[in-house]
Amino acid sequence: MARVFSGIQPSGEIHLGNLLGALHNWVAEQHKHEAVYCIVDLHALTHKHDPAQLRQATLSLSQMLMAVGLDPQVCTLFVQSHLSEHSELAWLLQCTTSYGELSRMTQFKHKSDETDFVSAALFTYPALQAADILLYDTDIVPVGDDQRQHIELTRDAAQRFNQRYGETFVVPSHQIPKAGARVMDLQNPTSKMSKSAGEGAGTISLTDDPKAISKKIMRAVTDSETEVRYDPAAKPGVSNLLEIMAAARQSTPQSVAENYSSYGALKKDCAEAVVAMLAPIQQRFGELSADSGETARLLAVGADKARHMASQTLARAKQNIGLLDGEG
Ligand code: AMP
Ligand code: TRP
């Protein structure tokens, strides 16, 4: 059975882009394949953070992932820092990834422009991500379109390691959803919806109430024409709403467009579709948040399952790269 792996950072609020671009796919994959999902708290340390907030965000993200439909009985759900294997393999992969490759990562260029303290770890971030993926002999990585380059780097690192040190890693491929792969900011539809803009009117958080959701969608930036047409280059705002609705209704943006002749009607129905999609998730999130002890227990079980897989791959990588066995 194919193995699926993906990760998400516990920073900021989980938003509609995360749900449509990644989490929906994660939920579906857990029933088709052996699925491993990781809350990547070590990645969240690469930028400025508040320690208490990070702890809370990690807990609440775990609950949100379960609310969205990840079932810890079916998949493996765990927190990255609960296993030391991730940091260990990341070091080996930093030694087999070049400075030039890391310099070409657009996410690094983007994020380093936005902050006054650029940590060394922000630069080597993709090597840790590659470690996450390779530790589980992953075949498929479901992610949003923005992660394409990181998965390519992971493939290159795995192939290079295998070539230099002998067959060690499975070379994974990415899987990017057709609708919702890139949900754009409602106020600025040429940039993607993101957590950093989380407080703003352009991002729909999965915990926003129905009124807030409707308000944000009704005020979404469109354009000065009136025709409803799917054309991301010429009409990014309208196309974004069509993509969101298509993902919520399991349709295509082109066929959604055929039903509308005004922006107002499209926005109203889009808001309704999003509210209806989020209602059951929010209810379940409320229930799960009430029992943090149970969440911690489920995460510990997840970490045990993950460690069982990861420790074997790490031992193989250490052996092949030439580290002396310390077991005695
Ligand atoms: P992040 O929020 O950067 O930790 O991303 C978690 C997952 O959500 C990754 O698979 C991303 O590719 C996906 N994702 C993040 N933002 C968006 C977006 N605006 N549209 C679609 N997918 C996204
Ligand atoms: N870099 C990813 C993001 O920003 C998060 C991530 C970390 C990830 N490790 C991963 C995604 C492994 C997929 C597989 O979204």
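Residues numbered from 1 in each chain as written. Chains lettered and ligands numbered in written order. Predicted model: local features only at pLDDT ≥ 70, side-chain atom pairs only at ≥ 80, totals over all residues. Heavy atoms only, no water.

A. Quick peek at the site of ligand 2. In the region of ligand 2, 13 residues are neighbours, and Gly7, Tyr125, Gln129, Asp132 and Gln147 sit closest. For ligand 2, a nitrogen atom lies 2.8 Å from a polar atom in the side chain of Gln129. In the environment of ligand 2, a nitrogen atom lies 3.1 Å from a nitrogen or oxygen atom belonging to the side chain of Gln147. Relative to its free-state accessible area of 360 Å², ligand 2 is covered by the protein chains to the extent of 90%. Secondary-structure elements contributing two or more residues to the shell around ligand 2 are strand S1 (3-8) and helix H7 (120-134). Counting residues per element, the shell around ligand 2 draws most heavily on H7, which supplies four residues. (Near = heavy atom within 4 Å. Polar contact = N/O pair within 3.5 Å; in protein donor to acceptor, adjacent residues only side chain to side chain. Areas by Shrake-Rupley, 256 points an atom, 1.4 Å probe, with all protein chains shown as cover. Helix = DSSP H or I, 4+ residues; strand = E, 2+ residues; numbered from the N terminus.)

B. Highlighting the packing of aromatic side chains. Under the definition given, this model contains seven aromatic pairs. On the basis of an interplanar angle of 65° and a centroid distance of 5.0 Å, the ring pair of Phe161 and Tyr165 is categorised as edge-to-face. Of this pair, Phe161 and Tyr165 are both found in helix H8 (residues 148-165), four residues apart, which corresponds to roughly one turn of the helix. Exposure remark for Phe161: the relative accessible area of 0% places this residue in the buried category. (Phe/Tyr/Trp six-rings, centres within 6.5 Å; stacked < 30°, edge-to-face > 60°. Buried < 20%, exposed > 50% of the residue type's maximum accessible area, 1.4 Å probe, protein only.)

C. Fine view of the site of ligand 1. If you check the shell around ligand 1, you find 18 residues, and the closest are Asn18, Gly144, Asp146, Val183 and Met193. Here a nitrogen atom of ligand 1 and a backbone polar atom of Gly17 are 3.1 Å apart. A distance of 2.9 Å separates an oxygen atom of ligand 1 from a polar side-chain atom of Asn18. Compared with its free state, where it exposes 480 Å², ligand 1 has 92% of that area covered by protein. Looking at which element gives the most residues to the shell around ligand 1, the answer is helix H1 (residues 16-32), with four residues. Taken together, the residues that form the shell around ligand 1 break down as six nonpolar, eight polar and four charged. (Nonpolar A, V, L, I, M, F, W, Y, C, P; charged D, E, K, R; others polar.)

D. A look at helix H4 (residues 85-94). What H4 keeps buried is the set Glu85, His86, Leu89, Ala90, Leu92 and Leu93. Mapping the buried residues of H4 onto a view down its axis gives an arc of 160°, with all of them on the same face. The inward-facing, buried residues of H4 abut strand S2 (34-39), strand S3 (76-79), H7, H8 and helix H13 (292-321). (Arc of directions from axis to C-beta. Contact = heavy atoms within 4.5 Å.)

E. Geometry of the packing of H7 against H8. Axis separation between H7 and H8 bottoms out at 9 Å; the angle between their running directions is 70°. Classified by the interaxial angle, the pair formed by H7 and H8 is roughly perpendicular. Together, Tyr125, Pro126, Gln129, Ala130, Ile133 and Leu134 of H7 and His150, Ile151, Leu153, Thr154 and Ala158 of H8 make up the contact between the two elements. Of the residues that constitute the contact of H7 with H8, the class distribution is eight nonpolar, three polar and no charged. (Axes fitted to C-alpha atoms, helices over the stretch in contact; angles between N-to-C directions. Parallel < 35°, antiparallel > 145°, perpendicular 65-115°, else oblique.)

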